[in-house]
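# Inside the fold
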Amino acid sequence: MEVLRDAIVQNMESMYREIREIDITGCLVFLSQLSDFNPAVTPTTGSTLSNMCELVVLRDNIALTELPRTLEHRIMNKSLIYCDLRANIYTLSEELCNYIRLCESTMGSIMDTINVLCELDVSAPTPEVIDFMHNNLNISVHQFTAVIKMPRTYIRKTARSSWTEDSMKRALTEIAQNKITIRKAAIMYSVPYGTLQDRLKGRYQSKKMKLGRRTVFSEAEELEIAQTILELSKAFYGLTPTSIRELVYSFAEKNGVANRFNVETKKCGKDWLYSFMKRHPKLSLRKPEATSLNRVTAFNRQEVEIFYNNLETLYGRFHFESHHIFNVDETGVSTVHVPRRIVAQKGLKQVGAITSGERGQTTTVICAFSASGQYIPPMFIFKRKRMEEGLEKNGPVGASYRCSPSGWVTEQLFYEWLVHFQKHVNASKDHPVLLILDNYSTHSTVISYNFCRNSGIHIVSLPPHTSHRLQPLDVTFYGPLKSAYYQECDKFMKNKHYERINTTDIAELFRGAFNRTATVEKAVNGFTTTGIFPLNRDIFNNEIESVSQSDVTDDEDKTIVMKKKLNGSTTFQELCQIPTPKTRLNNRRKQHSQILTSTPLKEDLEEKERKRKNKSAVRVKKTIAGDENKTDKNIKKKPKEQENEICSVCDEFGQNGVHDHVPVCT
């Protein structure tokens, strides 16, 4: 035994030096997973080590407090413990294999050593513990505790308590109806016979007992933590894993809950967080989408109800079918794309991919599709004053091309798009069409109103700042379209080395992305997920939450909170400080969803048009007046006449021989 122990210690010291030299933190040669061992079987020469034990590399993070219980359980199963952990080396040296064979007869001595180790309390080391660690392992307690942690990928060794509560209920029902016996029910539903008997005799009527160590918090406390995390995420103030670990530590300390959290960092461990998320499957780590404050406050129940009321009014009046309901929106495509992921050398901090430039020129594209999957050919709006030859090269079939100085949609351009739209849908008063769009100012003009009324096109605007949830194009189409467009740009840059993407290439690149993305499925799903067609007013009931109602909890959670307050303890919600909305003083009139082609709206549009014309006329007058003032200032003033005037023709010089400008004598 002494020979084996010295060999183990010597081998551990050498491997620990190697690990320390390559600076692999968390790797210490100590434990291996145990397997069944039969001392009666004598290994022969050339036999594999699997006949005696199965070596498994020490898993990342094993809790030290779990070590005695785990070893004790393995010893009871006559398992052999040994360790040989290196950086991803899974085999024992031949020398150690020989030592194990020689010590087969001294199995009891090895077990005694393990029993001593199991009785150690490394969390509060005594002089005896320190001596044992130094003499037997030649390492300090600090080095030992720094690397022994709980396994994150623990695999169960037995099938205990693998039955479900549903199986137990069905077995009890079968027995109560005298259909089968207890023994048959236990075999048929894979439930323990003893547990089934206890349930029948009324000994244990509670839920299935869980195996393993008890959790730090009770079930009610964990439910409160999970509910608070979900409420904060719905209120757009979600917690990061680091924030949760800090808050959980504070929650445990303020309520006097016994825990083994890290006192130095004042955080609970990552393993606790991962286990907590497994116990509550509703929680998952997500990357949030940046959402502006306007969108957070605008997407509320009141605004959404107004929008659905407008849809219901038009549906009841005109009975639109799926191929008569359209959605239109604008998006921008740039000459500088976002590169895709590439395979590069591991460890590099920066990996580059070529693009056309730092800042590209954006071109506006107007797209539209119907609830049945029909796509209207897009319209391109380039940022320029005049069209240039080549801008329409190899563009989508049936597309339209326009220009504007800003590259944005103007009132005249939107009217031209309506004419383009009417050409493809053939709307009329006998066959009306519904068009859903956002409340951009260029969409509501007198000229567009008159054209839509005469053509049988009915327009409904979305509530402000809600297009990310209510606009079908934004929900299902524009995301895949942008990804496909970037892929086309990436192919262009890879195939044509050191060539830039110009505005004349946009139409061709967009055509490839549009043809791949414009599917019937995306169009149909866009209208379905937004609840527009078929009309579903309750589709956002579980998601739409006003910020003012973000601190509302269920009855069960309210009971938990009240009990905690009565006991004088701190609730998890109080630590998180769930935000409440602040009232803003804004003199600007709030906009809502409207039927832009309704009769009462015509007067407002005409009044708006008159004000715009008057404002434009005043601006023109100011411009003319300013030009006249500039002209007057540029005119040189005539000098004052001198007392002794001299004709510039008769005598070019004045009295003092200095040239002077004087009127010519007549």
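Note that the coordinates shown come from a computational prediction; the quantities given were computed from them, not determined experimentally.

## Some thoughts on the nonpolar core
- Formed by 48 residues in total, the largest nonpolar core has its most connected members in F307, L434, F477 and F510.
- Considering each element in turn, this core owes the most residues, nine residues, to helix α18 (residues 472-495).
- Residues within four places of F477 in sequence aside, it is in contact with C367, F369, Y375, P472, F514, T517, A518 and K522.

## A look at the packing of helix α10 (residues 219-234) against helix α12 (residues 270-279)
- Relative to each other, α10 and α12 sit at 85°, their axes nearing to 11 Å. As summarised for this structure, α10 and α12 are arranged roughly perpendicular, according to the angle between their axes. Contact with α10, carried on its side by E222, I225, A226 and I229, involves W272, F276 and R279 of α12 and no other residues of that element.
- Of the residues in the contact of α10 with α12, the class split is five nonpolar, no polar and two charged.

## Let's talk about unusual backbone geometry
- The omega angle of the peptide bond from F533 to P534 is -10°, so this bond is cis rather than trans.
- Mapping P534 onto the fold places it in the loop between α20 (520-529) and α21 (555-566).
- Notably, K266 is not glycine yet its phi reads approximately 55°, a positive angle.
- Within the element layout of this structure, K266 appears in the loop between α11 (241-254) and α12.
- The backbone of H319 sits at a positive phi, close to 55°, despite the residue not being glycine.

## Considerations on the pattern of salt bridges
- Counted according to the given criterion, the structure contains 13 salt bridges.
- The salt bridge partner of E165 is R199, with a shortest N-O separation of 3.1 Å. Placement of E165 in helix α7 (residues 165-176) and of R199 in helix α9 (residues 193-201) is noted, with a sequence separation of 34 residues between them.
- Take E165: its relative accessible area is 25%, and that puts it in the partly exposed class.

## Some words on a positive patch on the surface
- A cluster of basic residues, R317, K429, R453 and K602, forms a positive patch at the surface.
- Residue placement: K429 occurs in the loop between α15 (411-425) and β7 (433-437).

## Let's talk about the confidence of the model for the chain
- Overall, the predicted model of the chain reaches an average pLDDT of 75, with 65% of residues at or above 70.
- The low-confidence segment residues 143-150, where pLDDT is below 50, has 28 contacts with residues more than four positions distant or belonging to other chains.
- Ignoring residues within four places in sequence, the model shows residues 640-666, a span with pLDDT below 50, making 22 contacts including any to other chains.

## Points about the sheet that holds strand β8 (residues 457-461)
- Taken together, six strands build an open sheet; the order of strands is β6-β5-β4-β3-β7-β8 and the sheet is mixed. If you trace the sheet from one side to the other, it starts and ends with β6 (400-404) and β8, each paired once. When the angles between neighbouring strand axes are averaged without regard to direction, this sheet yields 25°.
- Across five bridges, strand β4 (residues 362-370) lies against strand β5 (residues 375-383) in antiparallel orientation. Within β5, the residue paired with T364 across the bridge is I381.
- On the sheet, α20 packs against β3 (325-334), β4 and β5 and is oriented at approximately 80° with respect to β4.

## A short note on helix α19 (residues 506-517)
- The end-to-end C-alpha distance of α19, which contains 12 residues, comes to 16 Å, matching closely the 16 Å that a straight helix rising 1.5 Å per residue would cover.
- Summarising the contacts, the buried residues of α19 are in contact with β3, β4, β5, β6, α18 and α20.

## Some details on the packing of aromatic side chains
- One pass over the full model with this rule turns up 26 aromatic pairs.
- Measuring from centroid to centroid gives 5.5 Å for Y375 and F477, while their planes differ by 50°, and the two rings are tilted. Here the residue Y375 occupies a position in strand β5, and F477 occupies one in helix α18, the gap between them amounting to 102 residues.
- Y375 sits in the buried class, given a relative accessible area of 17%.
- The buried category is assigned to F477, whose relative accessible area is 0%.

## Re empty space enclosed by the protein
- As enumerated under the stated definition, the model contains three cavities of 30 Å³ or more in all.
- Of the pockets and cavities examined, the second largest cavity occupies roughly 40 Å³.
- H443, S444, T445, S448, Y449, I459, L596, T597 and L605 together form the lining of the second largest cavity.
- Looking at side-chain class alone, the lining of the second largest cavity contains four nonpolar, five polar and no charged residues.

## A word on the pairing of β4
- For β4, a buried count of eight out of nine residues is recorded, marking the element as mostly surrounded by other parts of the structure.
- Linkage of β4 to β5, two consecutive antiparallel strands, is achieved through a turn of four residues, within which G373 is found at a positive phi near 105°.

## Considering the packing of α15 against helix α16 (residues 446-455)
- Between α15 and α16, whose axes approach to 9 Å, the crossing angle comes to 15°. The angle between α15 and α16 falls in the class roughly parallel. Where α15 crosses over α16, the two elements pack in a sense that is left-handed. Between α15 and α16, the contacting residues are Q412, F414, Y415, L418, V419 and Q422 on the first element and I447, S448, F451, C452 and S455 on the second.

Rules and cut-offs
- Residues numbered from 1 in each chain as written.
- Predicted model: local features only at pLDDT ≥ 70, side-chain atom pairs only at ≥ 80, totals over all residues.
- Heavy atoms only, no water.
- Core = buried A, V, L, I, M, F, W, Y, C linked by side-chain atoms within 4.5 Å.
- Buried < 20%, exposed > 50% of the residue type's maximum accessible area, 1.4 Å probe, protein only.
- Helix = DSSP H or I, 4+ residues; strand = E, 2+ residues; numbered from the N terminus.
- Contact = heavy atoms within 4.5 Å.
- Axes fitted to C-alpha atoms, helices over the stretch in contact; angles between N-to-C directions.
- Parallel < 35°, antiparallel > 145°, perpendicular 65-115°, else oblique.
- Nonpolar A, V, L, I, M, F, W, Y, C, P; charged D, E, K, R; others polar.
- Salt bridge = Lys/Arg side-chain N within 4 Å of Asp/Glu carboxyl O.
- Patch = residues over 30% accessible without salt bridge, like charges linked within 9 Å, V, L, I, M, F, W, Y side chains within 5 Å.
- Areas by Shrake-Rupley, 256 points an atom, 1.4 Å probe, with all protein chains shown as cover.
- Lys, Arg positive; Asp, Glu negative; His and termini not counted.
- Charge placed at Lys NZ, Arg CZ, Asp CG, Glu CD.
- pLDDT = per-residue confidence, 0-100.
- Pairing = 2+ DSSP bridges.
- Expected span 1.5 Å × (residues − 1).
- Phe/Tyr/Trp six-rings, centres within 6.5 Å; stacked < 30°, edge-to-face > 60°.
- 1 Å grid on protein atoms, 1.4 Å probe; cavity = no way out; pocket = protein on both sides within 12 Å on 5 of 7 lines; lining within 4 Å.
- Points joined across faces, edges and corners; volume = space filled by probe spheres on them.
- Left-handed = near helix turned anticlockwise from the far one by under 90°.

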